[in-house]
Protein chains: 2
Amino acid sequence: MIDLQDRGLLLGDGLFETLLAVDGVLDHVEAHLDRMAAGCEVLGLPTLDRGLALQHINQAVAAQPEARLGVRLTLTAGSGGRGLDRPEPPMPQMFATAAAAAKPAGPAALIIAETRRNHHSASSQIKSLSYLDNILARREARAAGADEAVMLNGRGEIACATAANIFWITDEVLRTPRLDCGVLAGIMRGRVLAAAQSLGMATQEVVALPKALEVSDAVFLTNSLIGLRQAVGLGRAQGVNPVLSALSQAVSAR
Amino acid sequence: MIDLQDRGLLLGDGLFETLLAVDGVLDHVEAHLDRMAAGCEVLGLPTLDRGLALQHINQAVAAQPEARLGVRLTLTAGSGGRGLDRPEPPMPQMFATAAAAAKPAGPAALIIAETRRNHHSASSQIKSLSYLDNILARREARAAGADEAVMLNGRGEIACATAANIFWITDEVLRTPRLDCGVLAGIMRGRVLAAAQSLGMATQEVVALPKALEVSDAVFLTNSLIGLRQAVGLGRAQGVNPVLSALSQAVSAR
């Protein structure tokens, strides 16, 4: 339970991380804590207490019997008075929850959402509690009978999906939007880029319009829970791309 | 206290209203409930229970001894499972808090924020719990020694301040940004426009670049708690504009 004056609850003032735990083993937890620590700097919150964060995460995992868990660590700016200004010093609150997270079966059907990513805010590059634009874009996807939505930024360039980063392959080059397109630096995004390079594959972080997806040979989504997931509906490919299997193996996606 | 699985807390999925109560009397409460009800439709949440909302508001007011109160009514999308999709049916949660709200003394010093308003999302026209962009813009104002920040939209047009609507007067015409610039339909904004018209003053809802503020004769901010507040730092005017006093009286700002 959390206080009714908490700024995370009242104003979306805070951060979260979602990570995978399989058989009690946390996946790349240090990278997730690094990202939350960086988010604290962007928001002007006190330095992340990594020990406490790990304690919350481990407790949440220990409380669940399932083998494959999605663990969510939440950090709020804590309770404050009325209005937008934080109290000084802020007293952040942290908690973690865990729930069974099955790997989704089959490809994700994609649409392009009308709701866009606000690349004109630092919030577009952190994993913040103010997630409503992504919820609205996801609702567009569901209303169209799809699973996920591609969010463009204010300039109309591809940014990401509502809960994943996006990649596509064209002419054997692996492409994903540049971070300054309003993109969260996904942990799995970074792992996939590194794995592709170690496999000798050409990679590019790009500024691209949605037509790049239409003419691609494969589109896929990444996040820490799904690993790599083929996407259909926008690119030319339907079946599972062999490169995708190789990348999935290279990042040891579980 | 609120559940740790609440989507308002985890994802900023919900709405709020802030209204004034003076000596136990609620100011334009029906207009605030209308706006929250409209927000529920935008978000796909169940019809607002207005009776319950009023009950929460009245309880919050009764619990505070101060004469002039800011009352905050919060509606969250309620608890759900992991991920962005809401449970069906959603089970919204509602609560209200009240706190002393003194009218700010003197004019507000304004800057123009780098952080912008996402006019490419329906969230820019509702009062949602995902308020982080406004917090970041407010932090820019504080870092510059100012009180409030003007937020532009993705096209660089004036939208609003971080917790207020913005007006300016040029050539005796009262101007404020059009709602489709990414602007919340402020209750006080609507009252000021109506009052100006009833005083025989020309009004325009406009699409305007920030230079419009620089060449204006007066700039002021409005919201339900401050009423009308003169702003300095961007326009030519320094003292209190006589039109402002007239408008303030006409809307019976308390």
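The paragraphs below set out a description of the structure included in this document. (Residues numbered from 1 in each chain as written. Chains lettered and ligands numbered in written order. Predicted model: local features only at pLDDT ≥ 70, side-chain atom pairs only at ≥ 80, totals over all residues. Heavy atoms only, no water.)

**A closer look at the overall build of chain A**
At step 1: Along its length, chain A carries 7 helices and 12 strands.
At step 2: Computed over C-alpha atoms, the radius of gyration of chain A comes to 18 Å, within 12% of the 18 Å expected from 2.2 N^0.38 for 254 residues, which places it in the range of a compact globule.
At step 3: Principal-axis analysis of the C-alpha atoms places the extent of chain A at approximately 55 × 40 × 35 Å.
At step 4: Burial statistics for chain A: of 254 residues in total, 59% are counted as buried. (Helix = DSSP H or I, 4+ residues; strand = E, 2+ residues; numbered from the N terminus. Rg over C-alpha atoms; globule rule 2.2 N^0.38 Å. Buried < 20%, exposed > 50% of the residue type's maximum accessible area, 1.4 Å probe, protein only.)

**A few points about the sheet that holds strand β8 (residues 165-170) of chain A**
All names here are of chain A.
At step 1: Strand order in the open sheet formed by 8 strands is β7-β6-β5-β12-β11-β8-β9-β10, and the pairing between neighbours is mixed. In this open sheet, the two strands that pair with only one neighbour each are β7 (158-161) and β10 (202-206). Neighbour-to-neighbour, the strand axes of this sheet turn through a mean angle of 35°, independent of strand direction.
At step 2: Both strand β5 (residues 108-112) and strand β12 (residues 227-232) contribute to a ladder of 2 bridges, which runs parallel. Looking at β12, one finds that Ala 108 is bridged to Ala 231.
At step 3: The strands touched by helix α4 (residues 132-143) within the sheet are β5, β6 (148-152) and β7, with β6 carrying the most contacts at an inclination of about 130°.
At step 4: The strands that helix α7 (residues 242-250) touches are β8, β9 (173-177), β11 (218-223) and β12; relative to β12, the one it contacts most, it runs at about 165°. (Pairing = 2+ DSSP bridges. Axes fitted to C-alpha atoms, helices over the stretch in contact; angles between N-to-C directions. Contact = heavy atoms within 4.5 Å.)

**Points about the side chain of Glu 148 of chain B**
Residue and element names in this part refer to chain B.
At step 1: Examined against the element boundaries, Glu 148 turns out to sit in strand β6 (residues 148-152).
At step 2: A polar atom in the side chain of Glu 148 sits 3.4 Å from the side chain of Arg 138.
At step 3: Side-chain polar atoms of Glu 148 contact the backbone nitrogen of Ala 163, separated by 3.0 Å.
At step 4: Setting aside its immediate chain neighbours within four residues, Glu 148 contacts Ala 109, Leu 110, Ile 111, Arg 138, Ala 141, Ala 161, Thr 162, Ala 163, Ala 164 and Leu 221. (Polar contact = N/O pair within 3.5 Å; in protein donor to acceptor, adjacent residues only side chain to side chain.)

**Quick notes on the pairing of β10 of chain A**
Residues and elements named next belong to chain A.
At step 1: Here β9 pairs with β10 via 5 bridges, running parallel. The partner of Pro 177 across the bridge, within β10, is Val 206.
At step 2: You can see the chain leave β9, run along helix α5 (residues 187-198) and come back into β10, and the turn it takes is right-handed. (Right-handed = clockwise from strand over helix to strand, strands pointing away.)

**Some points on the packing of helix α2 (residues 29-43) of chain A against helix α3 (residues 50-62) of chain A**
When two helices pack together, their arrangement is given by the angle between their axes and by how far apart the axes lie.
Residue and element names in this part refer to chain A.
At step 1: At a minimum axis separation of 11 Å, α2 and α3 run at an interaxial angle of 125°. Taken together, the axes of α2 and α3 are oblique relative to one another. In this structure, α2 meets α3 at a crossing whose hand is right-handed. The residues of α3 that touch α2, namely those facing Val 29, Glu 30, Leu 33, Asp 34 and Ala 37, are Arg 50, Ala 53, Leu 54 and Ile 57.
At step 2: Counted by class, the contact of α2 with α3 contains 6 nonpolar, no polar and 3 charged residues. (Parallel < 35°, antiparallel > 145°, perpendicular 65-115°, else oblique. Left-handed = near helix turned anticlockwise from the far one by under 90°. Nonpolar A, V, L, I, M, F, W, Y, C, P; charged D, E, K, R; others polar.)

**Here's the deal with the environment of Ile 166 of chain A**
At step 1: Turning to its location among the elements, Ile 166 of chain A is positioned in strand β8.
At step 2: Exposure remark for Ile 166 of chain A: the relative accessible area of 0% places this residue in the buried category.

**Brief notes about the interface of chain B and chain A**
At step 1: The partner chain A presents 56 residues to the 56 residues of chain B that form the contact.
At step 2: Of the roughly 4500 Å² buried between chain B and chain A on both sides combined, carbon and sulfur atoms contribute 61%.
At step 3: Of the charged contacts in the structure, one is a salt bridge between Asp 85 of chain B and Arg 142 of chain A, with a shortest N-O distance of 2.6 Å.
At step 4: Summed over the shared surface of chain B and chain A, the number is 27 residue pairs in polar contact (both at pLDDT 80 or more). (Buried area = accessible area lost by both parts, 1.4 Å probe. Salt bridge = Lys/Arg side-chain N within 4 Å of Asp/Glu carboxyl O.)

**Thoughts on the side chain of Arg 72 of chain A**
At step 1: In this structure, Arg 72 of chain A sits in strand β3 (residues 68-76).
At step 2: Buried and unpaired, Arg 72 of chain A has Asp 6 of chain A as its nearest opposite-charge partner, separated by 10 Å.
At step 3: Among all residues touching Arg 72 of chain A, those that are not within four sequence positions of it are Phe 16, Glu 17, Phe 95, Ala 96, Thr 97 and Leu 129 of chain A together with Leu 10 and Leu 11 of chain B. (Lys, Arg positive; Asp, Glu negative; His and termini not counted.)

**Considering the pattern of salt bridges**
All names here are of chain A.
At step 1: Counted by the stated rule, this structure contains 26 salt bridges over all chains.
At step 2: Between Asp 27 and Arg 191 there is a salt bridge whose closest N-O contact spans 3.5 Å. Taken together, the residues Asp 27 in the loop between β2 (25-26) and α2 and Arg 191 in helix α5 connect sequence positions 164 residues apart. No difference in accessibility class separates Asp 27 from Arg 191, as the two residues are buried.
At step 3: The residue Arg 50 makes a salt bridge to Glu 30 at a minimum N-O spacing of 2.8 Å.

**With respect to the packing of aromatic side chains**
Residues and elements named next belong to chain A.
At step 1: Considering all chains together, one arrives at 4 aromatic pairs over all chains under this definition.
At step 2: Seen in terms of ring centroids, Phe 16 and Tyr 131 are 5.3 Å apart; in terms of plane orientation they differ by 70°. Their pairing is edge-to-face. Taken together, the residues Phe 16 in strand β1 (residues 14-22) and Tyr 131 in the loop between β5 and α4 connect sequence positions 115 residues apart.
At step 3: Tyr 131 gets classed as buried once you look at its relative accessible area, which sits at 10%.
At step 4: Ring centres of Phe 167 and Phe 220 lie 5.2 Å apart, and the angle between their planes is 5°; on these two criteria the pair is classed as stacked. Of this pair, Phe 167 sits in strand β8 while Phe 220 sits in strand β11; the two residues are 53 residues apart in sequence, bridging distant segments of the chain. Pair check on accessibility: Phe 167 and Phe 220 agree, each one buried.
At step 5: Sitting over the ring of Phe 16, Arg 72 keeps its end group 3.9 Å from the ring centre. (Phe/Tyr/Trp six-rings, centres within 6.5 Å; stacked < 30°, edge-to-face > 60°. Lys NZ or Arg CZ within 6 Å of the ring centre and 35° of its normal.)

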